Amino acid sequence: MVLSRANKVGLIGLKFHSKFVEKTRVAVCPVRCLLLQSWQSTSHPANSAQANDLKNLDKIRNIGIMAHIDAGITITSAAITFSWHEHRVNLVDTPGHVDFTMEVERSLRVLDGAVAIFDASAGVEAQSLTVWRQADHYQVPRLCYLNKMDKPAASLHMCRESIKEKLHATPLVLQYPVGQGKEFTGLVDLVHMCKMIWSQQSRDYGSKYEVHTLNKDGDDSLWDPSFLARCELTDQLADLDNKLAEYVLEKESIENVPPPILEEAIRRVTINQTAVPVLMGSSYKNTGVQPLMNAVISYLPSPQERQLETVALYAPHLCAMAFKIVHDKQFGGILTFVRIYSGHLEKGQRLYNINAEQPEKVGRVMIAYADTFKEIPTVKAGNIVVLTGLKITSTGDTLVGSYSLANNVKRKLLDDKRDPQTAMLLGVKVPEPVFFCSVEAPSTSQQKALDAALIQLQREDPSLKVKVDQDTGQTVLSGMGELHLDIIRDRIQKEFKVEAELGPLQVAYRETSRMSCTHTLDVNKMISEMRQQVKLTLSIEPECNYRFSSLELAFSKDNLENLHAIRHHHMSALNRGVSSALTSGPILGFPVVDIKVALNWLEVGRGTSETIVAAAAAQCIHQLLQKAHCQLLEPIMEMEIVTDEEYTSRVLGDLSRRRGSVLQVAHRQDLRVITVECPLAELMGYSTALRTLTSGTATFTMELSDYRLMNLSDQAAAIEAITGFAPQ
């Protein structure tokens, strides 16, 4: 079997932003390169076969690639479309860096399947585990791909056990390696019992490989382990799939199950997420990539096999979700990446944005091929497309055919006594930012340009928060990490041509109270010759992992009549006031979390405005928090550090000085893997420090574990570091 020769164009980054920051372009694993090249080397999408792909849902795969950052991965999600064996594949490549977990969230939300890439010498690493959990949240069927099988330390057994223990998944090994380390040249396909050997000539770059049926007489060294592995695979599948179990019982043997029956069973357990197929290769040489793509077609679901409850409310009319926004001047400013779940979409079509409750009009409809786009007149359900012309749509918004359609669905939900929010597709979960810094324009003349840039960047990236500090007047950015905010600064400078400067990074603390407290506020004043009267009693109590959404009513025998008489618009005003007050705590002005707020009493005088009611609620909360002796919560990061044994004691000593708590020190071949929890405030510039300690040999990853109470001495140090003054 010979595939068309792959050239190396596009190895450095399948660009997602057309003028993306040069320093952020990361070498992409050649898996992605081959996917791009498969489009380049096949017929153009204008031909009839690919045109039919747009209509035939069975021939569409919406998949993502997710991995730990060192397994070969980008730092923003890239999207391309290509053909493979008469199927249309919409591929989204997700980031592996923890600072860009939001990119993973919004990509997984619109995928039907995913390929999880692991380093065959390391198994499941920290960020691999994180993205796997995200895929679990969205119930995305997956394949596993063990990359770098040509490394001396690559171990199929270790990876399989790692998948079992860390991911709590059932791995189905579909291949057996031919050769180890540098001698790795091919694979045995256990389903078809055939040997695939790739050309080792550099000019072929993995595009050519030979396939031979495995023969017991001619392949002594491979036949026995491969045959045993196939029997084990069949036995595993029979335990998971009833149809295969019935076949095995009928034949009374697991040794000669035909490949089509095995393939059907593998597909069923993959889509049902009771097991994950495991494939392998060396993507640096493109060894094993073609079978991986075949497995994507064979085992991952088509759009019609992944139905959402919300979509059924709109079908057969248009229902779509915007999952990524990109600023690109070449295509009219804004590009919106959209997954279409039902109906069809046309150039110039009018839409209705349910989240924003406003109409939109589509400009052009395009399909992305790496950093180029092909315009099409119309597209049907199951596809991922790029739209121009949308003015207000943000990441996670639900788009439908018309206002009347959206209104009819909401009325139907109300008639059925169901939550009207069901009318919207489930949006993405926006993580809490852990770093913040000030941002300033170089001159007042560029302030408007900076403000416009920040508005656009927030549309693109919901994990970026922007606010104006009421005391200093400074604009403050909050983000997921040092790299995240560094890239935001570079994009402002290079894409929006504003030479903005960021202030020093600071940790985003939280504030809370461990006391229950009650307070009554009585407001009675004349404003513009109108008497404004509000009397209210609020109470707070600690509640771990609680995020305020609305007031609870603290009923008692003394206030039943009072609370039952509260008007809806007054309750809304109270909620607005409380929400506003909880955004700024009494210690350092950080958000207040982990407390419940309850309403015990409310009296509102005739003619009192809702603004006064909201302001009274906010003032009451501020006074409550002053009485409740609030404390700071600091972000705690879980880190995984991989270092040579000779540097282990040095690294552990440094972590101890950083208030780190070591959870585990494990072995990985000749390396040590240190798992530790450490306050984020102690990790500023840790990458440089670790390089110095280990002569540049160690690596680390980290992710937010949780927020924890600080002791009084650490809290005092944090307050002094931020304000410049020691607390009294």
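These figures come from a predicted structure and were not determined experimentally. (Residues numbered from 1 in each chain as written. Predicted model: local features only at pLDDT ≥ 70, side-chain atom pairs only at ≥ 80, totals over all residues. Heavy atoms only, no water.)

Let's shift gears to the overall build of the chain. For the chain, the count of helices and strands is 19 helices and 35 strands. Burial statistics for the chain: of 728 residues in total, 54% are counted as buried. In the chain, the proportion of contacts linking residues at least 24 apart, taken out of those at least 6 apart, comes to 74%. On the chain, roughly 32300 Å² of surface is accessible, and the fraction owed to carbon and sulfur atoms is 50%. (Helix = DSSP H or I, 4+ residues; strand = E, 2+ residues; numbered from the N terminus. Buried < 20%, exposed > 50% of the residue type's maximum accessible area, 1.4 Å probe, protein only. Contact = heavy atoms within 4.5 Å. Areas by Shrake-Rupley, 256 points an atom, 1.4 Å probe, with all protein chains shown as cover.)

Right, let's talk about unusual backbone geometry for a bit. The omega torsion of the bond from Ala315 to Pro316 falls at 10°, within 30 degrees of zero and hence cis. Considering the arrangement of structural elements, one finds Pro316 in the loop between α10 (309-314) and β12 (319-328). Even without being glycine, Glu357 reaches a positive phi, approximately 55°. On the basis of relative accessibility, which here comes to 52%, the residue Glu357 falls in the exposed class. One non-glycine residue, Ser528, adopts positive backbone phi at about 55°. Relative to the helices and strands, Ser528 is located in the loop between β28 (517-527) and β29 (530-542).

If you check helix α16 (residues 610-627), its first and last C-alpha atoms are 26 Å apart, about what 18 residues at 1.5 Å a residue would give, namely 26 Å. Among the residues of α16, those classed as buried are Ile612, Val613, Ala614, Ala616, Ala617, Ala618, Cys620, Ile621, Leu624 and Leu625. Where the residues of α16 are buried, they touch β28, β29, α15 (568-582) and β31 (595-604). Positioned one or two residues after α16, His629 has a phi angle of 50°, which is positive. (Expected span 1.5 Å × (residues − 1).)

Let us now look at the pattern of salt bridges. Tallied over the full model, the rule gives 28 salt bridges. Note that Lys151 and Asp119 form a salt bridge whose closest N and O atoms lie 3.4 Å from each other. Of the two residues, Lys151 sits in the loop between β5 (142-147) and α5 (156-167) while Asp119 sits in strand β4 (residues 113-119), which places them 32 residues apart along the sequence. Each of Glu634, Arg659, Glu682 and Asp714 takes part in one network of salt bridges that share partners. (Salt bridge = Lys/Arg side-chain N within 4 Å of Asp/Glu carboxyl O.)

Among the nonpolar cores identified, the biggest contains 58 residues, and Met66, Phe118, Trp132, Leu146, Ile163, Leu167 and Phe337 are the most heavily contacted of them. Phe436, Ala500, Ile641 and Ala718 belong to the second largest nonpolar core, which has 44 residues in total. (Core = buried A, V, L, I, M, F, W, Y, C linked by side-chain atoms within 4.5 Å.)

Below, the discussion takes up the environment of Asn256. As for its placement among the helices and strands, Asn256 is situated in the loop between α7 (242-251) and α8 (259-271). C-alpha of Asn256 to C-alpha of Thr234: the two residues are 22 residues apart in sequence and 9.4 Å apart in space.

On to the sheet that holds strand β7 (residues 175-178), then. If you walk across this open sheet you meet the 4 strands as β7-β8-β9-β10, and the pairing is antiparallel. Both edges of this open sheet fall to β7 and β10 (209-213), since each of them pairs with a single strand only. When the angles between neighbouring strand axes are averaged without regard to direction, this sheet yields 20°. Strand direction decides the pairing type here: strand β9 (residues 194-198) and β10, joined by 5 bridges, are antiparallel. Each bridged residue has a counterpart across the sheet, and for Cys194 the counterpart in β10 is Thr213. (Pairing = 2+ DSSP bridges. Axes fitted to C-alpha atoms, helices over the stretch in contact; angles between N-to-C directions.)

Read from one edge of the open sheet, 8 strands run β16-β15-β21-β12-β13-β20-β17-β18, paired in antiparallel fashion. Since the sheet does not close on itself, it has two edges, and those belong to β16 (358-361) and β18 (372-376), each with one partner. In this sheet, neighbouring strand axes are inclined to one another by 40° on average, regardless of whether the strands run parallel or antiparallel. Both strand β15 (residues 350-353) and β16 contribute to a ladder of 4 bridges, which runs antiparallel. Across the sheet, residue Leu351 finds its bridge partner in β16, namely Glu360. Docked against the sheet, helix α12 (residues 447-460) engages β12 and β13 (333-342), running at close to 140° with respect to β12.

Close inspection of predicted coordinates is inappropriate for parts of the model with low pLDDT. When the pLDDT values of the chain are averaged, the result is 85; 87% of them are 70 or greater. Segment residues 1-54: pLDDT under 50, and 131 contacts once partners within four positions in sequence are set aside and those in other chains are kept. (pLDDT = per-residue confidence, 0-100.)

Here we take up α15. Its 15 residues give α15 an end-to-end C-alpha distance of 21 Å, which sits within 8% of 21 Å, the value for a rise of 1.5 Å per residue. Restricting attention to buried positions, one finds in α15 the residues His570, Met571, Ala573, Leu574, Asn575, Gly577, Val578, Ala581 and Leu582. Considering only its buried residues, α15 is in contact with β29, β30 (552-553), β31 and α16.

This next bit is on the packing of aromatic side chains. Scanning the entire structure with this criterion turns up 8 aromatic pairs. Between Phe436 and Phe590, the aromatic rings sit 5.6 Å apart at their centres with planes inclined by 65°, giving edge-to-face as the arrangement. Here Phe590 lies in the loop between α15 and β31 and Phe436 lies in strand β22 (residues 435-440), a separation of 154 residues in the sequence. Residue classification places Phe436 among the buried residues on the basis of a relative accessible area of 15%. For the pair Tyr509 and Phe590, a centre-to-centre distance of 5.7 Å together with 70° between the ring planes defines the contact as edge-to-face. With Tyr509 in the loop between β26 (506-507) and β27 (510-512) and Phe590 in the loop between α15 and β31, the pair connects residues that are 81 residues apart, well separated along the chain. Geometry around Trp132 places Arg142 over its ring, the cationic atom sitting 4.5 Å from the centre. (Phe/Tyr/Trp six-rings, centres within 6.5 Å; stacked < 30°, edge-to-face > 60°. Lys NZ or Arg CZ within 6 Å of the ring centre and 35° of its normal.)

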